[in-house]
Each structure stands twice: as C-alpha cells, then as structure tokens.
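# Per-entry structural report
Here are the chains, one letter per residue:
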Amino acid sequence: MLFLRTSLLSAEPAGVLKSLDELFALAHAMEQEAADKYDALAQDMRAQGKDDLADVFTRLASAEREHVDSVAQWSHSRRGKSPDPALVRWEPPEALDKEAAAEAKASRLMTPYRALAMAVRNEERAFAFWSYLAAYSHDLEVKKASEAMAREELGHVATLRQERRRAYHQQHERESADASAAPQLPIDARRLELRLVEQLGEIEQRLRGPAAVRARDIRQQATRLADEAAGFGSFPAAMERKDSLEIAEALADAYLDGAERASDAARVASLQRLAEQAISRLAWMRSLMED
C-alpha cells in the first residue's frame, strides 16, 4: 500500500505533524481550499451556461464545507478551540489537480461523470496524504487522528464513487437515446478489455525499463480479465474510442456495480475479483501516466 499512497501524491509531505493543533489547522485548511475551488468552478460553469456541471460543483463545495465544519467541531471537542491557520507550517497537497481544474473550465467534453471522477481523485490524494502522515508520525495522538482522517477521506471516496457510477449510467443512457436510427450494438466487457489490451501495448512501446515491464504486466492481466469477463456488461460501442484511463475506469465501475447487483454468490465473488484487479490496475496505470 505504500506505493499506492505515495504514487497518488505529487510529492511526499514536507514533514510530520507535531501536535493535534497542527493537525486540525492543516485539515481545516485543506477542506476549506477544496470548498473554495469547487465554488469557483461552479461559478465558472454557471457563467458558461453549463448548469448541470455547475450543480455538481455546487454540491461538491457544499460537502466540503460540511467537512470544514466537522474539523472545527472536532478541534473544539479535543482542544477546546477553533483550528488556528497560523499553525499550518507547510503546503498541503493541492485540493485539485491544476490540469484537471483547467480542463474543467475549458473542455467542451467535461461531463458530470468526469467532474465527479476529478473529485474522487481529489479524495484519493487526501486519503494518501493522511495515510502517509499516520504511517510516519512519532506522536501517538497525531497518528490516531491522522488514521481517523484517512478513514474519513476513504468514506468520501466511496460516496463519490457511487455518485460517479450513477452519473456514468445517466450519461450513457442519454448517449444511447441520442444515437442514430441504426445504432451500433453494445459491446461486452471482454471486447472493452481487449481494446484496453491494444492501448496498453501502445503505451508499453513508449516506455522503457521498469515502467515498460509494468505496462506489459498490466496488458497481460487485461488479456486474462478479458476471458473472465466474457459476456458481462453492456457498454456503448463508442466507449472503444475513449482513452485507456477512461476505459479502465468504466470497467472498474462496471465490475463494482455488477457485484453489487448480482444475487448469485459465485457471480458476486467473480465480479468482486474482477473489480479488485481492475481497481489495482487503474492505480498502476495512473502512476505510469504521471511518471
């Protein structure tokens, strides 16, 4: 898990927290920054007439403000005072990836699904950040509080992933409704996995050393998953034209969603195994892309 935690961060934290007061100050600042950035994106989307996206970012900003209040209440219960901004000694991880935020403002392809995917990524980084601090803290109280923050962020990830799956289904229902009179037949997970195999082969050719070996391993895993996933799922044929990360995301979400809906115990276990491998694959792919 250490690889996953550190690979989600652009850089390791600048130090360790020395007191609960520092922890509350930093957590408060991080949540407030996220709320402010989501508010700004909501205003940008509203100004562009993209009301559906504005609504998504408004909800995200509201959720982050609830997190701000939660940290303040926690600080009062433990320390008898509000978080002190002056105690933030070093820069926390960015609340939103700069490139992702810029894309949200400018891209014509931004959708509620992609906006929520960006929010999921934000919460994953926050989880990685607090997990790292918990692992390396020398103070028992700070360690326990950091672990609690990490669990809280993981809960946010789970909630946002559910919202993202709903947005994914809504988006593709609209795309299906807008299809031509002679639409292409939907494809199953096997075909989408094989498309991912092709894309991973192209990525592997551009890499060298350990990264190329990792890309090869992921490609071979996708080949195996294609056989296991034969006949499962129904994706728009247009999904084959998406990039590798979007395909990998769609497959991971489909396996998760399938496991939640399945009633047969063996089917549930099979889809859970597929979901676990797909989620791990996604983390490795993101790391390769970032490197």
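Per-chain numbering applies: the sequence of each chain, read as written, is numbered from 1 onward. In keeping with the predicted nature of the model, local features appear solely for residues at pLDDT of at least 70, side-chain atom pairs appear and are counted solely at 80 or more, and the whole-chain, interface and lining totals rest on all residues. By convention in this description, side-chain values take in all heavy atoms of the structure and omit both hydrogens and water.

### Quick notes on the overall build of the chain
- Secondary structure assignment for the chain yields 10 helices and 0 strands.
- Counting from the N terminus, the helices are the DSSP runs of H or I reaching at least four residues and the strands are the DSSP runs of E reaching at least two. In sequence order, the secondary structure elements of the chain are arranged as α-α-α-α-α-α-α-α-α-α.
- Only protein chains enter the accessibility calculation, which uses a 1.4 Å probe. A residue is then buried if its area is under 20% of the maximum for its type, exposed if over 50%, and partly exposed in between. Looking at the chain residue by residue over its 291 residues, the buried ones come to 47%.
- For the accessible areas, the method is Shrake-Rupley and the probe is 1.4 Å, while residue cover comes only from the protein chains on display. Element-wise, carbon and sulfur atoms account for 50% of the exposed surface of the chain, whose accessible area totals about 15000 Å².

### Regarding the packing of helix 3 (residues 51–79) against helix 5 (residues 112–136)
- Here helix 3 crosses helix 5 at 25°, and the two axes come no closer than 9 Å. In terms of orientation, helix 3 lies roughly parallel with respect to helix 5. In the crossing of helix 3 with helix 5, the sense of the turn from one axis to the other is right-handed. Note on element contacts: helix 5 touches helix 3 through Pro-112, Ala-115, Leu-116, Met-118, Ala-119, Asn-122 and Glu-123, opposite Asp-52, Leu-53, Val-56, Phe-57, Leu-60, Glu-64 and His-67.
- Gly is placed with the polar residues, together with every amino acid not listed as nonpolar (Ala, Val, Leu, Ile, Met, Phe, Trp, Tyr, Cys and Pro) or charged (Asp, Glu, Lys and Arg). Within the contact of helix 3 with helix 5, the residues separate by chemical class into 9 nonpolar, 2 polar and 3 charged. Lines fitted to C-alpha atoms define the axes, with helix axes restricted to the stretch in contact, and inter-axis angles between N-to-C directions lie between 0 and 180 degrees. Between 65 and 115 degrees an angle is taken as roughly perpendicular, under 35 as roughly parallel, over 145 as roughly antiparallel, and anywhere else as oblique. Left-handed is the label given to a crossing in which the near helix is rotated counterclockwise from the far helix by less than a right angle, and right-handed is the label when the rotation is clockwise. Note on contacts: a residue pair qualifies if any of its non-hydrogen atoms lie within 4.5 Å across the two residues.

### Quick notes on the environment of Gly-155
- Mapped onto the fold, Gly-155 is located in helix 6 (residues 140–177).
- On the basis of relative accessible area, Gly-155 is assigned to the partly exposed category, the value being 34%.
- For Gly-155 and Glu-123, which are 32 residues apart along the polypeptide, the C-alpha to C-alpha distance reads 9.1 Å.

### Examining helix 9 (residues 244–261)
- Its 18 residues give helix 9 an end-to-end C-alpha distance of 26 Å, which sits within 8% of 26 Å, the value for a rise of 1.5 Å per residue.
- Of all 18 residues making up helix 9, 15 are buried, and the element is well covered by its neighbours.
- Here a polar contact is recorded for every N or O atom pair within 3.5 Å, except that within protein the pair must consist of a potential hydrogen donor and a potential acceptor, and residues adjacent in sequence are included only if both atoms are side-chain atoms. A side-chain oxygen of the first residue of helix 9 lies 3.2 Å from the backbone nitrogen of Leu-245; this N-cap is Asp-243. For a helix, the expected span equals 1.5 Å multiplied by the number of residues minus one.

### Regarding the environment of Ala-27
- Looking at where Ala-27 falls in the secondary structure, it is placed in helix 2 (residues 20–47).
- By relative accessible area, Ala-27 is classed as buried at 1%.
- Here the alpha-carbon distance between Ala-27 and Ser-146, two residues 119 residues apart in the chain, equals 9.5 Å.
- Residues contacting Ala-27, with those up to four places away along its chain left out, are Val-71, Trp-130 and Met-149.

### Side note on the packing of aromatic side chains
- Geometry of aromatic contacts follows a simple scheme: Phe, Tyr and Trp rings, the Trp one being its six-membered ring, pair when their centres are within 6.5 Å, and the pair is stacked under 30 degrees between planes, edge-to-face over 60, tilted otherwise. All told, the structure shown has 5 aromatic pairs when counted by the stated rule.
- On the numbers, 5.1 Å between centres and 65° between planes, the contact of Phe-24 with Trp-74 is edge-to-face. Taken together, the residues Phe-24 in helix 2 and Trp-74 in helix 3 connect sequence positions 50 residues apart.
- You can call Phe-24 buried: its relative accessible area is 0%.
- Measuring from centroid to centroid gives 5.8 Å for Phe-232 and Tyr-255, while their planes differ by 35°, and the two rings are tilted.

### Notes on the nonpolar core
- Among the nonpolar cores identified, the biggest contains 54 residues, and Tyr-38, Phe-57, Leu-60, Phe-235, Leu-251 and Tyr-255 are the most heavily contacted of them.
- Elements with a minimum of two residues in this core: helix 2, helix 3, helix 5, helix 6, helix 7 (189–206), helix 8 (209–228), helix 9 and helix 10 (265–290).
- No other element matches the 9 residues that helix 9 contributes to this core.
- Setting aside residues no more than four positions away along its own chain, Phe-235 makes contact with Tyr-168, Pro-186, Ile-187, Asp-188, Ala-189, Leu-192, Ala-250, Leu-251 and Ala-254.
- Among buried residues, those of type Ala, Val, Leu, Ile, Met, Phe, Trp, Tyr and Cys that are joined through side-chain atoms within 4.5 Å constitute a nonpolar core. Counting 17 residues, the second largest nonpolar core, distinct from the first, contains Leu-23, Phe-24, Phe-127 and Ala-150.

### Section: the packing of helix 2 against helix 3
- Look at helix 2 against helix 3: their axes get within 8 Å of each other, and the N-to-C directions meet at 165°. On the basis of their axis angle, the class for helix 2 and helix 3 is roughly antiparallel. Note that helix 2 runs across helix 3; the crossing there is left-handed.
- Here the contact of helix 2 with helix 3 is composed, by residue class, of 18 nonpolar, 5 polar and 10 charged.

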